[in-house]
Protein chains: 2
Amino acid sequence: MEETKLIRPAPAIEAIPPTVPFIGPEQLMRQTGHAELVRLGANESAFGPSPKAVEAMAAELPRLSWYGDPESYDLRSMLAVKHRCAIEELVVGSGIDELMGLVVRAFVAPGAAALTTRGSYPTLNYHVIGYGGRLVLAGYRSDGRLDLEALVETAHRESVSLVYLANPDNPSGTFVSHDEMQRFYDALPKNAVVLLDEAYADFVDDGELMPATIEDRLIRTRTFSKAYGMAGARIGYAITARSNVDTLQKIRLHYGVNRNAQIGAIASLSDDAFRRFVVDAVAQGREDYARLAASLNLATIPSKTNFVCIDLGTADRATRVMNELLQRGVWIRKPAQAPLDRFVRVSVGTPAMRAAFEQAFRAVLAEVPA
Amino acid sequence: MEETKLIRPAPAIEAIPPTVPFIGPEQLMRQTGHAELVRLGANESAFGPSPKAVEAMAAELPRLSWYGDPESYDLRSMLAVKHRCAIEELVVGSGIDELMGLVVRAFVAPGAAALTTRGSYPTLNYHVIGYGGRLVLAGYRSDGRLDLEALVETAHRESVSLVYLANPDNPSGTFVSHDEMQRFYDALPKNAVVLLDEAYADFVDDGELMPATIEDRLIRTRTFSKAYGMAGARIGYAITARSNVDTLQKIRLHYGVNRNAQIGAIASLSDDAFRRFVVDAVAQGREDYARLAASLNLATIPSKTNFVCIDLGTADRATRVMNELLQRGVWIRKPAQAPLDRFVRVSVGTPAMRAAFEQAFRAVLAEVPA
C-alpha cells in the first residue's frame, strides 16, 4: 500500500528520523516484570515536593476543572522578586523541555546551526533536528568537563544561531564557575542566542552562578523538577529580555501549564527551608557515592547536581553494569556518547535508596569484570 | 537601538503578528478588582473533577517528584478499550491545544493550506499561522451551523492539507449528526488530513457520533477538560492511524504530560457514573438557559455542549452586555466573528452560578437596549 499512500507528513517532518527518546522506568518495569524500581535514573528528587506544596495542591484539586492562569501572573510575580527582574522578563512553560523547544523554534531557522556539547542533554538535539536546524557539536574534555574553548571556537567558525550550555551540566554533573562562565559568554558571537540551562542551579549557591544579566542574547531556563521535587508537575521558566518573551508569546501554548503545578510552584518558592534541606541532603548523598566509588577504586566526576557519574573504565562494562542493576530492580542510566560513555550516572536517592544501590552495585561489579 | 539589534528571531517567527490569546479570568479579575468571578466564560466544568479522580490524585501528590510515564501506557490501555482501538492508535498530550499544534506542525508544511470555519476554535488558526501555513476559511451558515458544503468545496478548490472541524462545535455548540458527518468526511479530498476535534463529544451519546474509523486521513482529538472537569490538568489524546502516531512520536514532547493528570484521567475513566451525572446536569443547565432566553424573547442556538449561545441581535449589544456582566462579577465570552458575533456564549454552571448569571443578565439587558 505504501506506493498509494495519500497522507504524507510535511517534508521537513517526514525527513526526521524515528526517535528513541529516554525510555521511562515504567516501560522498563513492564519489560523486566519488576513491580517497582529503585528510581535513580532520571535525577528525580527522592525527597518529594515540599510538604507545603503538597498541601496547597491537595487543597486546590477540586478546582482542577479551571484552567490555570495563562499568564502565570502570581508565580511570575514571585519569580521576579527571587531573580530581581521584571515580570515581563519571565515566561513560564510546562518544563524546560517545552521552553527549549520554543527557543529553538524561535531562534534557529531551518538550516541554521545550533551548537551544543556531544552527549550533553539530548532534548536540545531533539528540538534542533525536529525544527530543521543543523546540529553542530563540540566534545567534552577528557575529564568530563565542558570544553568552553572549543565551544567558542566552533560558535564563531560555524556562525551558529544558538549555543546551548547546561550549568551545572547533565549528564556530567560538572559546573562552570561564574568567572569562567562570564568569560565564555563574553567570548561568544554577539549575534548568537545563548541558551543557558540551569535545571540544576538550585543545588548551587546563588553567589557561584553567573549574575542574572538580562540581555536579548541570553536565555536562562529554570525548573521545579529537580531541587523542588516537582518533575511530574511539568513546570519551568525562562528568564530573558522582554523582546524574547514577546517572541515566545507569539508561539507558546498559552494554556499549557497545569494549574496545580502553578500552585505547587508558588508554595515551593515560599518554603525555602525545604529546598535547603533537599540541597543539604543531596550534598550528603553525593559524598556517600564518592566514598562508595573510592572504596571500590572507581573514579567519580565532581558533581554540583543531584547525581554522580562513576567511572567503570569502558562503555561496555558501564552498559552491562546498568543492565544488571536493572535486573535487580535498581534503575540508573549512563551517558551514551564518548568520552562519558564509560560512566554510569546515579541519582542521589534517600539513604535507603542509596543503600539499595550500594548493595546491588557491589554485587554486580563482582559479576561484571573490568 | 533597533537598527543595531543583533538578535532576531527566525524569519518565519518574526513574521508572525503579535498575538492576543484568550484573556484569562485571572487577568480580568486584576483589571476589574473583583476578588472572584462567576466563571462562565471558558466552558470549564462547574462540577469539578470526579471525586474519585481527586482522591487518586491527592494520594499520589507526594510522588509528583517522579516524571509521568512518557508513554502514558496505563491510560492508553484504558482508552484503547473505551474506543475499541489499538494502544498504538492513541497518543496522549497535554490537552488538545498541544496535540493540535503537533498535528499542524506535522501535516501542514509552510505555505500549505489548512481549512477551518471563520470564528470556530481559534487555537487551530494560531497554530497554522505559527507554523507558517496558509489559513483558508469557510463561513458559518446564518443559523450558526457549520457549512459543510462550503468546507468540502473549499477543501477541493484550495487543495488544502488539513481540514479542521469541531464536533460539537465551539463556539456555536452545534452538532453534526453521524450520517452528515460521514457524508462530509467521504466528500473531502482523500489527501487531506481531517482534524476532528471532539472536545465536547463526551456530552453526546456514543451512538450519535461518527463511528471510530481508523484511517490515516482522520485524526480525532478528545480531552479530559470538559465533561471530566480536568481543564487545569492539561490532558487530552488523539485517535488515529499508527502511521500518524509514529509521525507525532518524532516531534511530541515525550515528558510533557503531568503525572497527576495521567492518574486523574485514569480514575475519571473508571467513574462513568460521575460523567453521566455531569452530562445530565449540563443538559438541565442548557434547558435552563433556553428557558431564560425564551422568557426574554431571545433566541438560542441548540447546543450539544456545556455552553449556550444567546442571540442579542447585534455584535455591539453582545459586547456591551458581556462587559457589563464582567463589571458585576459574571464572566462570559462572546464569539468574535460574524455571523456569531451577535451572540454571547455562556457556560453551564451549577444551579447557583446560573441563578447569579440570570439575575445579572436580566439587570444588564434592561440597561443595554437592543
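S.K.: Quick question: what am I supposed to make of the interface of chain B and chain A here?
M.R.: Contacts between the two partners involve 70 residues from chain B, matched on the other side by 70 residues from chain A. Counting residues per element, the ones that place at least two in the side of chain B that touches chain A are α1 (11-14), α2 (25-32), α3 (51-60), α5 (96-107), α9 (242-249) and α10 (259-269) of chain B. Looking at the side of chain B that touches chain A, the element that brings in the most residues is α5(B), giving six residues. Its residues assigned to classes, the side of chain B that touches chain A comprises 35 nonpolar, 19 polar and 16 charged.

S.K.: How should I be thinking about the domain arrangement of chain A in this particular structure?
M.R.: Accessible area lost upon the coming together of the parts serves often as the stated size of an interface. Residues and elements named next belong to chain A. Along its sequence, chain A is organised into domain 1 (2-48 + 273-367) and domain 2 (51-271). Here the C-alpha centroids of domain 1 and domain 2 sit 22 Å apart. Taken residue by residue, the interface counts 29 residues in domain 1 and 27 residues in domain 2. Counting only elements with at least two residues in the side of domain 1 that touches domain 2, the list comes to α11 (272-295) and β9 (307-311).

S.K.: Can you help me understand the sheet that holds strand β4 (residues 134-138) of chain A in this one?
M.R.: Strand pairing within a sheet occurs via backbone hydrogen bonds; the two strands may be parallel or antiparallel. Residues and elements named next belong to chain A. On the basis of which strands lie adjacent, the open sheet formed by seven strands has the order β2-β8-β7-β6-β5-β3-β4 and mixed pairing. Every other strand in the sheet has two partners, leaving β2 (90-93) and β4 as the edge strands with one partner each. Within this sheet the neighbouring strands show an average axis-to-axis angle of 20°, counted without direction.

S.K.: Looking at this structure, I do not really get helix α13 (residues 351-367) of chain A. What am I missing?
M.R.: Since the α-helix packs 3.6 residues into each turn, any two residues three or four apart lie on the same face. All names here are of chain A. Here α13 contains 17 residues, and its C-alpha end-to-end distance of 24 Å stays within 8% of the 24 Å for a straight helix at 1.5 Å per residue. Taken together, the buried positions of α13 are Arg 354, Phe 357, Ala 360 and Phe 361. An end-on view of α13 places all buried positions within 135° of arc, on one side of the element. When the buried face of α13 is taken as reference, the exposed residues oriented beyond 90 degrees from it are Ala 352, Gln 359, Arg 362, Ala 366 and Glu 367. Against β1 (38-39), α11, α12 (315-327), β10 (330-331) and β11 (343-347) lie the buried residues of α13.

S.K.: Even after reading the chapter, I still don't get the environment of Thr223(A), so can you show me in this structure?
M.R.: Residues and elements named next belong to chain A. By secondary structure assignment, the location of Thr 223 is in strand β7 (residues 218-223). Separated by twelve residues in the primary sequence, Thr 223 and Ile 235 place their C-alpha atoms 6.3 Å from one another. Filtering out sequence-adjacent residues up to four positions away, Thr 223 remains in contact with Gly 95, Ile 96, Ala 199 and Gly 236.

Rules used in this analysis
Residues numbered from 1 in each chain as written. Chains lettered and ligands numbered in written order. Predicted model: local features only at pLDDT ≥ 70, side-chain atom pairs only at ≥ 80, totals over all residues. Contact = placed C-beta atoms within 7 Å. Helix = DSSP H or I, 4+ residues; strand = E, 2+ residues; numbered from the N terminus. Nonpolar A, V, L, I, M, F, W, Y, C, P; charged D, E, K, R; others polar. Domains from an automatic or database assignment. Pairing = 2+ DSSP bridges. Axes fitted to C-alpha atoms, helices over the stretch in contact; angles between N-to-C directions. Expected span 1.5 Å × (residues − 1). Buried ≥ 20, exposed ≤ 12 C-beta atoms within 10 Å, placed from the backbone. Arc of directions from axis to C-beta.

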